[in-house]
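# Secondary and tertiary structure notes
Spelled out, the chains give:
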Amino acid sequence: MPDLSDVGQSRRTFMMQTGGGGIGLFAANLLATESALAQMAPVSGAASAPVVAQNVVKVVFKVNGAPQALALDSRVVLLDALREHLALTGTKKGCDQGQCGACTVLVDGQRVLSCLTLAATLQDREVTTIEGLATGDRLHPMQAAFIKHDGFQCGYCTSGQICSAVGMLGEAQRGQVSHVTENVGKTTTRLSNDEIRERMSGNICRCGAYPGIVAAIQEVHSGRQAAQTWGFATETQLASAKKEDGHATV
Ligand code: FES
Ligand code: FES
């Protein structure tokens, strides 16, 4: 039988040598790459140099009623045009690949995912974002209903939810059916909560504010006013809560 202590010793030595060699090779490669990159960088701060636009196209469309003329890289999507070029940051970037609905806006009154819509395709079209729904200080009924029904928590998905809800009610009014519509030959005049859930299923809310979202949309759709189930605390309630907290921590 071979001497196992020798075998162990050889194995350890082999590992250290190859490991050391491997790390040395890795470090040498890294240094070579860094030096090559340093030679390529024209001036200091090259890492933050702006990306040069390619295949620039000129496009004119209305955003919230105001004409906008932009010269954009042909690959720029509406979401980035709104946020980066027009400073309209109410429209949110969630997944950036058409799966969450956070970037929903209205184009000619129809809901679209702005992360999947090339800005160059919008010549003469009319875009409405969350910033354009209110009239002056007066909120759009859907915005007011979301507040009344506590239809959000962190708020990240909310602008997309509201734009989507507005577009969705328009679709229902035009007689478009959904996957859960029972009688597709009959114009849908009254949306059930199941219809609303199905039609809004492309808008994800990670906070799970779905019950409030459905209640808000249902109120705007049906016109039936439901009671608000929350209210701001009064000074007296706040003081008493503080007092109770004080007792609890003593
Ligand atoms: S950011 Fe557009 S669908 Fe998620
Ligand atoms: S309110 Fe937070 S993701 Fe919907």
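One can find the structure itself at the top, above this paragraph.
The structure displayed is predicted, hence computed values, not measured ones. (Residues numbered from 1 in each chain as written. Chains lettered and ligands numbered in written order. Predicted model: local features only at pLDDT ≥ 70, side-chain atom pairs only at ≥ 80, totals over all residues. Heavy atoms only, no water.)

### As for the overall build of the chain
Scanning the chain from terminus to terminus reveals seven helices and five strands. N-terminal to C-terminal, the α/β element order of the chain is α-β-β-α-β-β-β-α-α-α-α-α. Taking all 250 residues of the chain together, 30% fall into the buried category. Considering only contacts in the chain between residues 6 or more positions apart, those separated by 24 or more positions represent 56%. In the structure as shown, the chain presents an accessible area of about 16,000 Å², 57% of it carried by carbon and sulfur atoms. (Helix = DSSP H or I, 4+ residues; strand = E, 2+ residues; numbered from the N terminus. Buried < 20%, exposed > 50% of the residue type's maximum accessible area, 1.4 Å probe, protein only. Contact = heavy atoms within 4.5 Å. Areas by Shrake-Rupley, 256 points an atom, 1.4 Å probe, with all protein chains shown as cover.)

### A few points about the packing of aromatic side chains
Inspection of every chain in the model, using the stated rule, returns one aromatic pair. Taking the centre distance of 5.2 Å and the plane angle of 90° together, the rings of Trp230 and Phe232 count as edge-to-face. (Phe/Tyr/Trp six-rings, centres within 6.5 Å; stacked < 30°, edge-to-face > 60°.)

### Quick notes on the pairing of strand E2 (residues 66–73)
Pairing of strand E1 (residues 56–63) with E2, which is carried by eight bridges, proceeds in the antiparallel orientation. Across the sheet, residue Val59 finds its bridge partner in E2, namely Leu70. Hairpin connection from E1 to E2: two residues lie between these consecutive antiparallel strands, with Asn64 at a positive phi of about 50°. (Pairing = 2+ DSSP bridges.)

### Things to note about the nonpolar core
Ranked by size, the top nonpolar core spans 23 residues in total, and within it Leu133, Met142, Phe146, Met168, Ile196 and Ile217 carry the most contacts. Mapped onto this core, the elements with two or more residues apiece are helix H3 (141–148), helix H4 (158–173) and helix H6 (210–222). Take this core: its biggest share by element is seven residues, from H4. Counting residues in hydrophobic clusters, the runner-up holds 16 residues, among them Phe61, Val63, Ala119 and Val127. (Core = buried A, V, L, I, M, F, W, Y, C linked by side-chain atoms within 4.5 Å.)

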